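# Structural characterization, general
One letter stands for each residue in the lines below.
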There are 2 protein chains.
Amino acid sequence: MKRSFFVLALALNTFPCHADPAAAPPAPNGITLPKDYQNWRLLGVSQRTENGTLRAILGNDKAIEAARSGQTHPWPDGAMLAKVAWKQKSHDKFATAVVPGEYVHTDLMVKDAAKYAATGGWGFARWLGDKFTPYGQDAQFAQECLGCHGAAKDADWVFTTPAKLP
Amino acid sequence: MKRSFFVLALALNTFPCHADPAAAPPAPNGITLPKDYQNWRLLGVSQRTENGTLRAILGNDKAIEAARSGQTHPWPDGAMLAKVAWKQKSHDKFATAVVPGEYVHTDLMVKDAAKYAATGGWGFARWLGDKFTPYGQDAQFAQECLGCHGAAKDADWVFTTPAKLP
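Parameters and conventions
- Residues numbered from 1 in each chain as written.
- Chains lettered and ligands numbered in written order.
- Predicted model: local features only at pLDDT ≥ 70, side-chain atom pairs only at ≥ 80, totals over all residues.
- Heavy atoms only, no water.
- Contact = heavy atoms within 4.5 Å.
- Buried area = accessible area lost by both parts, 1.4 Å probe.
- Salt bridge = Lys/Arg side-chain N within 4 Å of Asp/Glu carboxyl O.
- UniProt positions renumbered as here; feature names shortened; annotations may be inferred.
- Helix = DSSP H or I, 4+ residues; strand = E, 2+ residues; numbered from the N terminus.
- Least-squares fit on C-alpha atoms with pLDDT ≥ 70 in both.
- Buried < 20%, exposed > 50% of the residue type's maximum accessible area, 1.4 Å probe, protein only.
- Core = buried A, V, L, I, M, F, W, Y, C linked by side-chain atoms within 4.5 Å.
- Pairing = 2+ DSSP bridges.

Chain A has the name Cytochrome P460 in an unreviewed UniProt entry, where Methylomagnum ishizawai is given as its organism.

Given below as structure tokens:
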């Protein structure tokens, strides 16, 4: 049934250009992409010089409230952090402005100290490209995330310090 | 009256560390900083290599709706764009991550084609530092903004292309 819908949709070319987060398949560990994450508020921005990407870090209401009241050691259960990454490019009207180009992926961290005790209290997930292809073959993929985020273990495994927005 | 309140506040040291946008004085052209701008949603991020800053560009509801429905040529009256700039620094736990350091300023553009006809249909304003010191001696300061934003005249004076958040 699902497959025949897929074929029909392809035939009719009814897939929208901008994919819908609600259609993202779950990550191999079962985590799903909250469909309203685009509406979350800002926690920070970053650039990664090793791969030439710009990023925005957003938080759900629980995360924003925790950040603004300084309750992030540890972050409360229910806090969710999303990071959107784009390839960087130079603005075509202003050469020294570096701006988002092609969309790369969306990362998610979901805090639930009990449920995700095996991975620092956080559930990790990543979706690649605008087809939202879940990253990882099986639930073990989170070890890769955890391995790197271990450098931020003292900050409850979170690298981002909520940026000051006075 | 205002002055004695100021002296009293200083004496009692009651000024909060994180300034409140509601307390920002109006810009020389009368534009005020919307007190909820920190809650606006994301339109884009950028880096300026000529001065080493990272920026987040946020939009009010009207601007976000316009951006998501592609109605930005021109942007509708009532759309407001805010840009927050921070000095960039290297993350102390991950050297190739460039993240926000010291907060520098917040810029605002308010669309009202009739009211701001003399400045491209946009009202410009900037507040410096967390004391929200309005930029500019008199309303002429907006000519400086306009002069540079003229490079984006074909995009209704706006440099930022709303970033794809699929």
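### Some points on the interface of chain B and chain A
With 39 residues of chain B at the interface, the matching set in chain A holds 39 residues. Across the chain B to chain A interface the summed buried area is about 3,800 Å²; carbon plus sulfur atoms make up 63%. Among the residues chain B hides against chain A, the three largest losses belong to Val45(B), Lys164(B) and Pro166(B). Together they make up 19% of the total. Our count for the contact surface shared by chain B and chain A stands at 2 salt bridges. The partner of Asp130(A) in a salt bridge is Lys164(B), and the shortest N-O contact between them spans 2.6 Å.

### Quick look at the UniProt feature "domain: Cytochrome P460" (unreviewed entry) in chain A
Residues given the UniProt feature "domain: Cytochrome P460" (unreviewed entry) here are residues 34–160 of chain A. Helix makes up 13% of residues 34–160 of chain A and strand 43%, whereas the separation of the span's terminal C-alpha atoms amounts to 20 Å.

### Observations concerning the relation of the copies chain B and chain A
When chain B is fitted onto chain A, the two copies agree to an RMSD of 0.0 Å after a turn of 180° and an axial shift of 0.0 Å. With respect to symmetry, the two chain copies, as superposed, fit the operation of a two-fold axis. Relative to the rotation axis, the closest C-alpha in chain B is found at Arg41(B), a distance of 2.9 Å. A symmetric contact is evident, with 100% of the interface residues of chain B recurring at the interface of chain A.

### So, the pattern of salt bridges
All names here are of chain A. Counting across every chain of the model gives 10 salt bridges over all chains. Residue aspartate 107 is joined to arginine 126 by a salt bridge in which the shortest nitrogen-to-oxygen separation is 2.7 Å. Of this pair, aspartate 107 sits in strand β4 (residues 94–111) while arginine 126 sits in strand β5 (residues 122–128), and the two are 19 residues apart along the sequence. Classification of arginine 126 by relative accessible area gives partly exposed; the value is 23%.

### Some remarks on the environment of Trp86(A)
Residue and element names in this part refer to chain A. The topology assignment puts tryptophan 86 in strand β3 (residues 80–91). Residue tryptophan 86 is classed as buried on the basis of its relative accessible area of 0%. For the pair formed by tryptophan 86 and alanine 118, sequence separation is 32 residues and the distance between their alpha carbons is 30 Å.

### What about the nonpolar core?
One broad trend across soluble globular proteins is that nonpolar side chains are buried collectively. In terms of nonpolar packing, the biggest core is built from 86 residues, with Trp75(A) and Trp75(B) touching the most fellow members. In contact with Trp75(B), not counting residues within four places along its chain, are Leu43(B), Ala63(B), Ala66(B), Ala67(B), Leu81(B), Lys111(B), Trp122(B), Ala155(B), Asp156(B), Val158(B) and Pro162(B).

### Considering the pairing of strand β5 (residues 122–128) of chain B
Walk down a regular strand and you will see the side chains alternate between the two sheet faces. All names here are of chain B. With 5 of 7 residues buried, β5 lies mostly within the body of the structure. In this sheet, β5 lies alongside strand β4 (residues 94–111) in antiparallel orientation, the contact comprising 7 bridges. Paired with valine 110 across the two strands is glycine 123, which belongs to β5. As judged from the 2 bridges shared by β5 and strand β6 (residues 133–134), these two strands associate in the antiparallel manner. Across the sheet, tryptophan 127 pairs through a bridge with proline 134, a residue of β6. In this antiparallel pair of consecutive strands, β5 and β6, the connection spans 4 residues, and glycine 129 shows a positive phi of 65°.

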